[in-house]
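Analysis of the macromolecular model
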Amino acid sequence: AELYKLKLRDSSALAARFNLKKSAANETAYNKALENEKSIIVSHTALHQNIEIADAIFWDDTTLYLMHNKGTFDGIGARDLLNQILTAAEYLQKSRTINGSYFLAEYYAQICKTRKTSKLPQATEQEFINLFSDKKICFIAGFLDGYKKGSKSVYAKYLTIEANKKLSDKGYDYIPMGIN
């Protein structure tokens with residue numbers, strides 16, 4: 001409940017600013033709905049080395065948000081989503097250290113390929129690469145259902161607290177939120 005209260009203001013402000021609350025039946029429908037938002041890069045099916053860095057990417061003056069989405073805030077949904085986020089965080093950290101901007105150029109190209117375009121309207125390749133070095137990175141766990149103060153899943157709550165700690169240890173911010 002403490003983490004929920006601590007992150008509620010941030011999640012509410014982000015949801016309003018980037019229009020993240022969508023009525024959607026599942027993750028795919030939600031990501032499809034995000035495509036209408038001009039400031040959001042939907043990267044849902046763009047994988048790098050079979051790892052999904054984010055379902056959606058967006059930013060403000062100080063922070064780059066890497067959003068991952070799943071259906072339900074329960075044990076299975078939280079485990080799947082938070083493992084996806086922690087894997088992406090670890091991979092991002094290692095790839096940036098070992099491969100630098102080359103990895104990000106490849107990822108940009110992969111997103112362009114899935115979006116069927118040669119250049120994203122939100123950012124050029126170089127602008128995209130710069131986002132990852134010029135801004136603080138925040139992972140967002142978006143749940144379509146069940147993420148609320150009175151959630152019954154103790155396991156999902158535990159996983160959320162652990163993810164917050166692990167991401168913080170790596171220097172990343174973390175915001176869980178309900179998105180439906």
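Description of the structure in this document.

Thresholds, definitions, all that
- Residues numbered from 1 in each chain as written.
- Predicted model: local features only at pLDDT ≥ 70, side-chain atom pairs only at ≥ 80, totals over all residues.
- Heavy atoms only, no water.
- Helix = DSSP H or I, 4+ residues; strand = E, 2+ residues; numbered from the N terminus.
- Expected span 1.5 Å × (residues − 1).
- Core = buried A, V, L, I, M, F, W, Y, C linked by side-chain atoms within 4.5 Å.
- Buried < 20%, exposed > 50% of the residue type's maximum accessible area, 1.4 Å probe, protein only.
- Contact = heavy atoms within 4.5 Å.
- Pairing = 2+ DSSP bridges.
- Axes fitted to C-alpha atoms, helices over the stretch in contact; angles between N-to-C directions.
- Arc of directions from axis to C-beta.
- Phe/Tyr/Trp six-rings, centres within 6.5 Å; stacked < 30°, edge-to-face > 60°.
- Salt bridge = Lys/Arg side-chain N within 4 Å of Asp/Glu carboxyl O.
- Polar contact = N/O pair within 3.5 Å; in protein donor to acceptor, adjacent residues only side chain to side chain.

Considerations on helix α3 (residues 75–99)
With 25 residues, α3 extends 35 Å from end C-alpha to end C-alpha; this agrees with the ideal 36 Å at 1.5 Å per step. Phi turns positive one or two residues past the end of α3, at Gly100, with a value near 55°.

What to know about the nonpolar core
Ile57, Leu66, Leu92, Phe128, Phe132 and Phe139 are the most contacted members of the largest nonpolar core, which totals 43 residues. Broken down by secondary-structure element, the contributors of at least two residues to this core are β5 (63–72), α3, α4 (101–115), α5 (125–134), β6 (136–145) and α6 (154–169). With 9 residues, α3 is the single largest residue contributor to this core. If we skip the residues at most four places from it in the chain, Leu92 touches Leu66, Phe103, Leu104, Phe132, Ile137, Phe139 and Tyr172.

Comments concerning the pairing of strand β4 (residues 56–59)
As paired strands, strand β1 (residues 41–42) and β4 are joined by 2 bridges and run antiparallel to one another. Looking at the pairing, Ile41 lines up with Ile57 of β4. Inspection of the sheet shows β4 paired to β5 by 4 bridges, in the antiparallel sense. Across the sheet, residue Ile57 finds its bridge partner in β5, namely Leu66.

Let's talk about the sheet that holds strand β7 (residues 173–178)
Read from one edge to the other, the open sheet built from 5 strands follows the order β1-β4-β5-β6-β7, with strand pairing classed as mixed. Looking along the sheet, the strands with just one partner apiece sit at the ends: β1 and β7. Of the strands in this sheet, β1, β4, β5 and β6 touch α5, which is tilted by about 95° from β5.

Details of α5
Among all positions of α5, only Phe128, Ile129, Leu131 and Phe132 are buried. Along the axis of α5, the buried residues cluster in a sector spanning 145°; they form a single face. Exposed positions of α5 whose direction lies more than 90 degrees from the buried face are Ser133 and Asp134. Summarising the contacts, the buried residues of α5 are in contact with β1, β4, β5, α3, α4 and β6.

Some points on unusual backbone geometry
Residue Asn50 is not a glycine yet carries a positive backbone phi of 65°. The residue Asn50 is located in the loop between β2 (47–48) and β3 (51–52) in this model. The phi dihedral of Lys116 falls on the positive side, at around 60°, and the residue is not glycine. Mapping Lys116 onto the fold places it in the loop between α4 and α5. Since its relative accessible area comes to 77%, Lys116 is described here as exposed.

Comments concerning the packing of aromatic side chains
What the rule picks out here adds up to 13 aromatic pairs. Among the aromatic residues, those joined into a ring-pair cluster are Tyr91, Phe103, Tyr107, Tyr108, Phe128 and Phe132.

Examining the pattern of salt bridges
On inspection of all chains with the given rule, the structure shows 11 salt bridges. Among the ionic pairs, Lys165 bridges to Asp169, the shortest N-O distance being 3.3 Å. Of this pair, Lys165 and Asp169 both sit in helix α6, 4 residues apart, which is roughly one turn of the helix. A relative accessible area of 57% means that Asp169 is categorised as exposed. A network of salt bridges, in which partner residues are shared, links Lys32, Glu35 and Arg115.

With respect to the environment of Ile98
On the secondary structure map, Ile98 appears in helix α3. Counting along the chain gives 79 residues from Ile98 to Asn19, while the straight-line C-alpha distance between them is 35 Å.

A word on the side chain of Ser43
Turning to its location among the elements, Ser43 is positioned in the loop between β1 and β2. Accessibility expressed as a relative area gives 0% for Ser43, which makes it buried. Engagement of the side chain of Ser43 in a polar contact is seen with the backbone oxygen of Ala54, the distance being 2.8 Å. Among all residues touching Ser43, those that are not within four sequence positions of it are Glu52, Ala54, Asp55, Ala56, Ile57, Tyr107 and Ile111.

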